[in-house]
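Results of the structural survey
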Amino acid sequence: MSPAIIVAIIVFLVLGALIVTNIRIVPQSKAFVLERLGAYHSTWDTGLHVKIPFLDRIAKTVSLKEQVVDFKPQPVITKDNVTMQIDTVVFFQITDPKLYCYGVESPISAIENLSATTLRNIIGELELDSTLTSRDTINAKIRVILDEATDPWGIKVNRVELKNIIPPREIQDAMEKQMKAERERREAILRAEGEKQSRILVAEGHKESKILEAEAEKQSAILRAEAVKEAKIRESEGEALAIETVQKATADAIKLLNEANANDAVLKLKAMEAFAKAADGQATKIIIPSEIQGIAGLAEGIVQSLKK
């Protein structure tokens, strides 16, 4: 093999290696900042790219995902001169890789210092109680200030959270005692409410029992009255039936006498029978009609004749 061919092969291999080593594939959610001759040239997005050897250089690979940075606790002083430790968590996202690379040196350190300064300014306007109960307000204020300040750096601050608020030990003890007293107070209130409800339920139960007893007594009295009423109705019906029966029997007897053409003697005899029944009663004085007296004389005469 001639030297010329060998040189050609070597040149070909070198060119191939240069081409291969200068081909770049940018993955999803990444961006490459490209410099040419030491100056910013372009930003590569997702896809296949080729840079010029010896002229182009990938200055920085930037992640476009949302990132989370947990900063260490910072000492802050409230409006009522209470020193506490507060640590923050910042959620941010790079929106402009060029500004992120050339806008500020050490962007994360810059965000940390800016958040600490902003936190001290905001807490310095609040008292201890407001600081402990206004986390959402503090978070919103810090986010707005950080987002505005980091725009020239190609960074968007999405959210800021106060992770921990640590007051001095003596204040923590006082707060714990206060919380304990508050819990005991609420427990006492709940116990009193429970006893009150229990008494009300017992009273309602007694009331309901009395009402049921009264209703039962009322129904019993109504049933007794109905029974007495029914008995009297039955008794009256029986007496009326008896009177009707007697009157009917009397009417039937009179009818039979009329049909038999009874003479005066028979009628007088019937009168004697009625008088005999009347004499069997409890009356102490009996008035005898004159007709019956005559009949009595007649009867005595008949008896005497029969004896003879």
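Throughout what follows, the structure given in this document is the object of discussion. (Residues numbered from 1 in each chain as written. Predicted model: local features only at pLDDT ≥ 70, side-chain atom pairs only at ≥ 80, totals over all residues. Heavy atoms only, no water.)

This part covers the sheet that holds strand 5 (residues 56–63). Strand pairing in a sheet relies on backbone hydrogen bonds, with the paired strands running either antiparallel or parallel. Read from one edge to the other, the open sheet built from three strands follows the order 3-2-5, with strand pairing classed as antiparallel. Lying at the two open borders of the sheet, with one neighbouring strand each, are strand 3 (39–44) and strand 5. Each strand axis lies, on average, 25° off the axis of its neighbour in the sheet, ignoring direction. By the bridge criterion, five bridges tie strand 2 (residues 30–36) to strand 3 in an arrangement that is antiparallel. (Pairing = 2+ DSSP bridges. Helix = DSSP H or I, 4+ residues; strand = E, 2+ residues; numbered from the N terminus. Axes fitted to C-alpha atoms, helices over the stretch in contact; angles between N-to-C directions.)

Attention now moves to the environment of R159. Residue position: R159 is located in strand 9 (residues 155–166). The partly exposed category is assigned to R159, whose relative accessible area is 37%. The spatial distance from the C-alpha of R159 to the C-alpha of N139 is 7.7 Å, given a sequence separation of 20 residues. Contact partners of R159, with chain neighbours within four places excluded, come to V89, V90, F91 and R143. (Buried < 20%, exposed > 50% of the residue type's maximum accessible area, 1.4 Å probe, protein only. Contact = heavy atoms within 4.5 Å.)

Note that T131 resides in helix 4 (residues 128–133). When its relative accessible area of 0% is taken as the criterion, T131 is described as buried.

Another aspect to go through is the packing of aromatic side chains. Within the structure shown, the criterion is met by one aromatic pair. Judged by centre distance (5.9 Å) and plane angle (75°), the rings of Y40 and Y102 are edge-to-face. Of this pair, Y40 sits in strand 3 while Y102 sits in helix 2 (residues 97–102), and the two are 62 residues apart along the sequence. Of the residues examined, Y40 reaches a relative accessible area of 29% and is grouped as partly exposed. Here the guanidinium or amino end of R159 rests over the ring plane of F91, the centre of that ring lying 4.0 Å away. (Phe/Tyr/Trp six-rings, centres within 6.5 Å; stacked < 30°, edge-to-face > 60°. Lys NZ or Arg CZ within 6 Å of the ring centre and 35° of its normal.)

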